Amino acid sequence: MPSQKKKKLTTAQQQYQKLAKAKEPKRPFLLNMIRAFIAGGIICTIGQAIQWLFITYGKFSEENAGNPTVAVLIMISVLLTGFGIFDHLAQWSGAGTAVPITGFANSMASAAIEHRSEGFVLGVGAKMFKLAGSVIVYGVFSAFVIVLIKILIKALGGI
Amino acid sequence: MGKFIYAFLVGGGICVIGQILMDVFKLTPAHTMCTLVVTGAILGGFNLYEPLIKFAGAGATVPISSFGNSLFQGAWHEVQRDGIIGAITGIFEITSAGISSAIIFGFLAALLFKPKG
């Protein structure tokens, strides 16, 4: 696709694109990765602490303590989104806040708050899944396909 | 205490993979999240995600890849109990906590907070 595009451009345009690419600020790969590692690690450690609390003081076992933990983390990140703190954290940490479940919660809460002016049904209700919807669609569909493949393998007597 | 260190290392590691997808492969955050969810579902299918959860606890359950794994696990458990229809009925069995709390708290946030700028 990009090479096809390039052919249609005049030489002046190609030169400009080369110049623009050279002047483009370099992404600080290493720094971003370190930040993502630290932020993501801290969020997961907080998750582990919440999980520990649920196991120690609640009636949860090691296996099913993950669900309430995720719910608490979602609640915290929705609150941080509402108060406008999450944006600052996300800017610093990049994928560190986007990859954990906090990013999923943030995308839903920020879309819901942002589209409030369009009304509660067409705005909040319809736009809430603007980003999270794609995650759910691809997650559900891939899980479905994998289950079908596993059923097929089992029926054929493998594994 | 060891679990906390493993959670930090594994959770941080998954986020670094996400950051690499964003920076090196120039994916948008939405594409990155979808890729990780599908990867989680595939790892779940090969029975590789559950050992990771056993090893790292929240380090594996908090990143979004766990969402894909939970979708698969929910469907697979119901398939083993109810037959093939479980692939439809069981998908949201485990992830209900994540999706419903995100909807409920997101809606409450829309009621309470006003958009900024």
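Reading the values: rules and limits
Residues numbered from 1 in each chain as written. Chains lettered and ligands numbered in written order. Predicted model: local features only at pLDDT ≥ 70, side-chain atom pairs only at ≥ 80, totals over all residues. Heavy atoms only, no water. Phe/Tyr/Trp six-rings, centres within 6.5 Å; stacked < 30°, edge-to-face > 60°. Helix = DSSP H or I, 4+ residues; strand = E, 2+ residues; numbered from the N terminus. Buried < 20%, exposed > 50% of the residue type's maximum accessible area, 1.4 Å probe, protein only. Contact = heavy atoms within 4.5 Å. Salt bridge = Lys/Arg side-chain N within 4 Å of Asp/Glu carboxyl O. Patch = residues over 30% accessible without salt bridge, like charges linked within 9 Å, V, L, I, M, F, W, Y side chains within 5 Å. Areas by Shrake-Rupley, 256 points an atom, 1.4 Å probe, with all protein chains shown as cover.

Student: Just checking my understanding: could you explain the packing of aromatic side chains for this structure?
Tutor: One pass over the full model with this rule turns up 8 aromatic pairs over all chains. Taking the centre distance of 5.4 Å and the plane angle of 85° together, the rings of A:Phe54 and A:Phe60 count as edge-to-face.

Student: I'm lost on the environment of A:Gly103 in this one. Help?
Tutor: Its location among the elements puts A:Gly103 in helix H7 (residues 101-114). With relative accessibility at 8%, the residue A:Gly103 sits in the buried group. Residues A:Gly103 and A:Phe86, 17 residues apart in the sequence, show an inter-C-alpha distance of 9.4 Å. Leave out the neighbours within four places in its chain, and A:Gly103 touches A:Phe86, A:Thr97, A:Ala98 and B:Met33.

Student: So what exactly am I meant to see when it comes to the pattern of salt bridges here?
Tutor: Pairing between side chains of opposite charge can happen when the charged atoms of each approach one another. Using the criterion set out here, one finds 4 salt bridges over all chains in the structure. A:Glu62 is the salt-bridge partner of B:Lys3, the closest N and O atoms lying 2.6 Å from each other. One end of the pair, B:Lys3, is in helix H1 (residues 2-23); the other, A:Glu62, is in the loop between helix H3 (29-57) and helix H4 (66-82), on a second chain. The class for B:Lys3 is partly exposed, based on a relative accessible area of 23%.

Student: Would you mind going over a nonpolar patch on the surface with me for this structure?
Tutor: Where nonpolar side chains cluster on the molecular surface, the patch consists of A:Phe120, B:Ile103, B:Ile104, B:Phe107, B:Leu108, B:Leu111 and B:Leu112 and spans about 630 Å² of accessible area. In terms of residues, the nonpolar patch owes the most to one element, helix H7 (residues 96-112) of chain B, which gives 6 residues. Classification of B:Phe107 by relative accessible area gives partly exposed; the value is 35%.

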